[in-house]
Amino acid sequence: MPYQTFRFHVLWRHESEPAFRDFFQTDDIQEAKEFAMRLAFDETNVVCVRDETLGDVVRDFDAEIYKK
């Protein structure tokens, strides 16, 4: 099976940890948003979603650029 890369990576860490860890990967922005929101529900978690295609952090899940 060939290696599959995903566009969106949900990254998280506890506020006391120095580095983010990859938690979940998907090509669906809504699925990434859902996982990020669940992780962020715990106040001790720091969460971000990275768009590997653009090489930047997702700031607006509803932006048209992520729906391509």
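Keep in mind the model is a prediction, meaning the values are calculated, not measured.

Engineer: How do you make sense of the packing of aromatic side chains when you look at a structure like this?
Structural biologist: Aromatic ring pairs are defined here through the distance separating the ring centres and the angle between the ring planes. Counting across every chain of the model gives 4 aromatic pairs. For the pair Trp-12 and Phe-23, a centre-to-centre distance of 6.3 Å together with 90° between the ring planes defines the contact as edge-to-face. Placement of the pair is Trp-12 in strand S1 (residues 8-14) and Phe-23 in strand S2 (residues 21-26), with a sequence separation of 11 residues. Assessed through its relative accessible area of 14%, Trp-12 is described here as buried. What makes Phe-23 partly exposed here is its relative accessible area of 39%. Each ring, one from Phe-24 and one from Phe-35, has its centre 3.9 Å from the other, and the planes form 15°; the classification is stacked. Remark: Phe-35 occurs in helix H1 (residues 29-40) and Phe-24 occurs in strand S2; sequence separation between them is 11 residues. A relative accessible area of 22% places Phe-24 in the partly exposed class. Three or more aromatic residues link up through ring pairs in this structure, and these residues are Trp-12, Phe-23, Phe-24 and Phe-35. When the ring centre of Trp-12 is taken as reference, the NZ or CZ atom of Arg-21 above it lies at 4.6 Å. Its guanidinium or amino end placed over the ring of Phe-35, Arg-38 lies 6.0 Å from that ring's centre, counting from NZ or CZ.

Engineer: Please clarify how the pattern of salt bridges should be interpreted in this entry.
Structural biologist: Pairing of side chains with opposite charge becomes possible as their charged atoms draw close. Scanning the model with the defined rule gives 5 salt bridges in all. Arg-21 is the partner of Glu-17 in a salt bridge, and the nearest nitrogen-oxygen pair spans 2.8 Å. On the basis of relative accessibility, which here comes to 24%, the residue Glu-17 falls in the partly exposed class. As a salt-bridge pair, Arg-38 and Glu-34 come within 2.8 Å of each other at their nearest N and O atoms. You can see Arg-38 and its partner Glu-34 sitting in helix H1, 4 residues apart, about one turn around the helix.

About the thresholds
- Residues numbered from 1 in each chain as written.
- Predicted model: local features only at pLDDT ≥ 70, side-chain atom pairs only at ≥ 80, totals over all residues.
- Heavy atoms only, no water.
- Phe/Tyr/Trp six-rings, centres within 6.5 Å; stacked < 30°, edge-to-face > 60°.
- Helix = DSSP H or I, 4+ residues; strand = E, 2+ residues; numbered from the N terminus.
- Buried < 20%, exposed > 50% of the residue type's maximum accessible area, 1.4 Å probe, protein only.
- Lys NZ or Arg CZ within 6 Å of the ring centre and 35° of its normal.
- Salt bridge = Lys/Arg side-chain N within 4 Å of Asp/Glu carboxyl O.

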